[in-house]
Amino acid sequence: HLQLVESGGGVGQPGGSLRLSCAASGFPLVYSTVAYFRQAPGKEREGVSCISSGSSVVHYADSVKGRFTISRDNTKNTAWLQMNDLKSEDTAVYYCAADPATPCPEAIHSTGNDAVWGQGSVVTVSK
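Calculation criteria
- Position labels on residues start from 1 in each chain and follow its written sequence.
- Two thresholds apply to this predicted model, a pLDDT of at least 70 for residue-level local features and 80 or more for giving and counting side-chain atom pairs, whereas whole-chain, interface and lining totals are computed over all residues.
- To obtain the side-chain values, all non-hydrogen atoms of the structure were included, while hydrogens and water were left out.
- The salt bridge definition used is simple: a Lys or Arg side-chain nitrogen within 4 Å of an Asp or Glu carboxyl oxygen.
- For each residue, the accessible area found with a 1.4 Å probe, counting protein chains only, is set against the maximum for its type, and the residue is called buried under 20%, exposed over 50%, and partly exposed in between.
- Being paired, for any two strands, means DSSP has found at least two bridges between them.
- Each helix is a run of H or I in the DSSP string that is no shorter than four residues. Each strand is a run of E no shorter than two, and both are numbered from the N terminus.
- Here the axes come from fitting lines to C-alpha atoms, over the contacting stretch only for helices, and the angles between their N-to-C directions go from 0 to 180 degrees.
- Any two cysteine sulfur atoms within 2.5 Å of one another count as a disulfide.

Looking at this structure, how should I read the pattern of salt bridges?
Side-chain pairing between opposite charges can occur once the charged atoms of the two side chains come close. One pass over the structure, following the stated rule, counts four salt bridges. Two residues, D62 and K65, come together in a salt bridge whose shortest N-O distance is 3.1 Å. Assessed through its relative accessible area of 65%, D62 is described here as exposed. A salt bridge links D90 to R67; the nearest nitrogen and oxygen atoms lie 2.7 Å apart.

Help me out: how do you make sense of the sheet that holds strand β8 (residues 78-83) in this one?
Hydrogen bonds along the backbone pair up the strands of a sheet, which may run parallel or antiparallel. One open sheet holds the four strands; their spatial order is β1-β3-β8-β7, and the pairing between them is antiparallel. This sheet does not close on itself; its edge strands, each paired only once, are β1 (3-7) and β7 (68-73). Sheet twist, expressed as the mean angle between neighbouring strand axes with direction ignored, is 15°. Here six bridges tie strand β3 (residues 18-25) to β8, and the two strands are oriented antiparallel to one another. In the sheet register, L18 faces β8, and the bridge partner there is M83.

Sorry if this is basic, but what is going on with the state of the cysteines here?
Each disulfide is one covalent bond, formed between the sulfur atoms of two cysteines. Tallied over the full model, the rule gives two disulfides. The disulfide that involves C22 links it to C96, with 2.1 Å between the sulfurs. What sets the handedness of the C22 and C96 disulfide is the S-S torsion sign, and at about 80° it is right-handed. Here the residue C22 occupies a position in strand β3, and C96 occupies one in strand β9 (residues 92-99), the gap between them amounting to 74 residues. Taken as a pair, C22 and C96 share a single burial class, namely buried. For C50, the disulfide goes to C104, at an S-S distance of 2.1 Å. With the S-S dihedral at roughly 75°, the linkage between C50 and C104 falls on the right-handed side. Taken together, the residues C50 in strand β5 (residues 46-51) and C104 in the loop between β9 and β10 (116-117) connect sequence positions 54 residues apart. With relative accessibility at 8%, the residue C104 sits in the buried group. Sequential numbering of the bridged cysteines in the protein gives the disulfide pattern 1-3, 2-4.

By themselves these figures say nothing about function.
This is the structure we're talking about:
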């Protein structure tokens, strides 16, 4: 069974930090681009960041550039999204996706039919 298990969401304070994890199970993450998306209440899903299979290419949405860092360790079959200097507008459900067919940065805009998605992590930024 192919799945991505997400963890690390929760409540963070403005200016604080949170780190999301995305662990692959049932398949090797090494062959996939990993992308993070988020969806805030009442808004459409937004691409946040992506990282190529070998980590040579990373891309960020302008809204998180300089604050978020995406990384991966293929030996651990896991990717992470480090979120610093949190803002209230970062409040959303965050999803990771592993896409074997779409490179980064294209994956930040859309994923292919073979992409595997995580279950989502709720991030709330509040004082």
